[in-house]
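Inside the fold
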Amino acid sequence: MRTIAEVRAGVMATIRRTPGETVSLAGAVGRVLAQPVMAPHDVPNFANSAMDGFAVRAADVSSPGAVLEIVEDVAAGQTASKRVETGQAIKIMTGAPMPDGADTVVRVEDTSEEDGKVRVATAPPIGTSVRLPGGDVAAGSTVFPAGTRLTAAHVGVLSTIGVVEPVVSKKPRVGVMSTGDELVPAAIGDLPPGKIRDSNRPMLLALVTEAGADPVDLGRVPDDADSLRAVLGQAAAEADAIVTSGGVSMGEFDVIKMVLREEADIDFFPVAMKPGKPQGFGTLGGKPFFGLPGNPVSVLVSFEQFVRPALLAMQGAGAVLRPRVIGVAGEALESDPAKEEFIRVRFLDDQPTLAVVKTGGQGSHVLSGAATADAFAVLERGVTRIEASEPVVLELFRAQETRSVEDVG
């Protein structure tokens, strides 16, 4: 059996970057920067007050109890018309520019006003509550490197420096299809005998979208060679990558393997992972092709380990793998030592540590347990059991990526 790292390395070797394009800030969330973003100016671009209070000279408030003359009020968005001289103060609001002559802000809570004067109860050091130019971002610095996947906070920073059309990588188009005569639409009423609703394709379409790509719905395809050839040909022509579910195990009726061996350079192999042991990967018309298993949890785990990293790499993302942290097993966890196992777990809210317990049955068909999970507890090969209260590796599959493939080998 191949290891996850071996399979992932083979996948990454086939990846080709998508070209760049400009987008508006409204459409930037989830996109990957194709070029670094440089700061055209300091942020903030002027010294300003971090507090509502009084702009003063630190030398005038070196001892508690100093009384100063208030010579002006300055609100945010305004500029003081007067200079702060010895024995003077200017009332100032948060964000307002520091007046000339002032070097410190006394917060309003530490003062009292009467008859145009302010008494300062403290002796703040010079520079207190003053935001200096470039304190957040320095002019000319690299704000975000190429490969950054943009979040809402990134968009806020881009707006702050006036970058309203960042250059990002184009979204790869990903063809998604499910195979199997047993599948029926999700909207069907009563299920006919031997039939199941197609959950893999809707889930994969959503996973592709979450990975920043554009899904192309290729539909449900029966176990018919001619139908499969037609849909696969469409996928190779229209998509940048293709993902299928079902038909990659050792079953006698796995028609898709027969068709793919005729039409594409695809290899089918077992991987030392659970769930998700049977996998298929290669190229179809020069496009990466992922043949995932049929059980829904196997589909989810396989997508996380192989497809998602590939789609992010196609967009030039620097980090393509979910973060891993060390938690604590809230109950005993057992594993097949021949495989790397991904156990669906949830956090215990009343614990001071990242304590986790299983979300129920761990069968590869129990998708409801994955829907209520916060993470995968990852038990490496060779591990048979982790006892309650022992450390356990947690892969946070709801968190943004933090690891590159090079980080893990």
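Structural data are supplied above this passage.
Since we're looking at a predicted model, the values are computed, not measured.

The rules we used
Residues numbered from 1 in each chain as written. Predicted model: local features only at pLDDT ≥ 70, side-chain atom pairs only at ≥ 80, totals over all residues. Heavy atoms only, no water. Core = buried A, V, L, I, M, F, W, Y, C linked by side-chain atoms within 4.5 Å. Buried < 20%, exposed > 50% of the residue type's maximum accessible area, 1.4 Å probe, protein only. Helix = DSSP H or I, 4+ residues; strand = E, 2+ residues; numbered from the N terminus. Contact = heavy atoms within 4.5 Å. Expected span 1.5 Å × (residues − 1). Arc of directions from axis to C-beta. Pairing = 2+ DSSP bridges. Axes fitted to C-alpha atoms, helices over the stretch in contact; angles between N-to-C directions.

1. Quick notes on the nonpolar core
- Residues V174, L204, F290, L311 and V320 are the most contacted members of the largest nonpolar core, which totals 45 residues.
- Elements with a minimum of two residues in this core: α1 (4-12), β13 (173-179), α3 (200-210), β17 (241-245), β21 (287-292), α6 (296-314) and β26 (375-379).
- Counting residues per element, this core draws most heavily on α6, which supplies twelve residues.
- Setting aside chain neighbours within four positions, we find L311 in contact with P172, V174, V208, A211, A213, A241 and F303.

2. Quick notes on helix α4 (residues 225-238)
- Its 14 residues give α4 an end-to-end C-alpha distance of 20 Å, which sits within 8% of 20 Å, the value for a rise of 1.5 Å per residue.
- Of the positions making up α4, those classed as buried are A225, L228, V231, L232, A235 and A236. What you see down the axis of α4 is that its buried residues fit within an arc of 140 degrees, all on one side. Exposed positions of α4 whose direction lies more than 90 degrees from the buried face are D226, A230 and A237.
- At its buried positions, α4 is contacted by β13, β16 (214-221), β17, α5 (255-263), β20 (278-284) and β21.

3. Here's the deal with the pairing of strand β28 (residues 391-395)
- Direction of pairing for strand β22 (residues 324-329) relative to β28: antiparallel, over a ladder of five bridges. Each residue of the ladder has a partner; that of V325, found in β28, is L394.
- Pairing geometry for β26 and β28, over three bridges, is antiparallel. Looking at the pairing, F376 lines up with E395 of β28.

4. Regarding the sheet that holds β16
- Strand order in the open sheet formed by six strands is β16-β13-β17-β21-β20-β18, and the pairing between neighbours is mixed. The sheet is open, and its two edges are formed by β16 and β18 (265-270), each paired on a single side. Going across the sheet, the axis of each strand differs from the next one's by a mean of 15 degrees, ignoring polarity.
- Here β17 runs beside β21; their pairing, made up of four bridges, is parallel. Paired with I242 across the two strands is F289, which belongs to β21.
- Sheet strands touched by α4: β13, β16, β17, β20 and β21. Its angle to β16, the strand with the most contacts, is close to 175 degrees.
- α5 contacts β13, β17, β18, β20 and β21 of the sheet and is inclined by roughly 140 degrees relative to β18.

5. Regarding the sheet that holds strand β4 (residues 53-56)
- Strand order in the open sheet made by the six strands is β7-β4-β6-β5-β9-β8, with mixed pairing throughout. Only two strands of the sheet have a single neighbouring strand rather than two, namely β7 (104-107) and β8 (111-114). On average, each strand axis in the sheet is inclined to that of its neighbour by 40 degrees, with strand direction left out of account.
- The pairing of β4 with strand β6 (residues 88-92) spans three bridges and is classified as antiparallel. Within β6, the position partnered with A55 by the bridge is I90.

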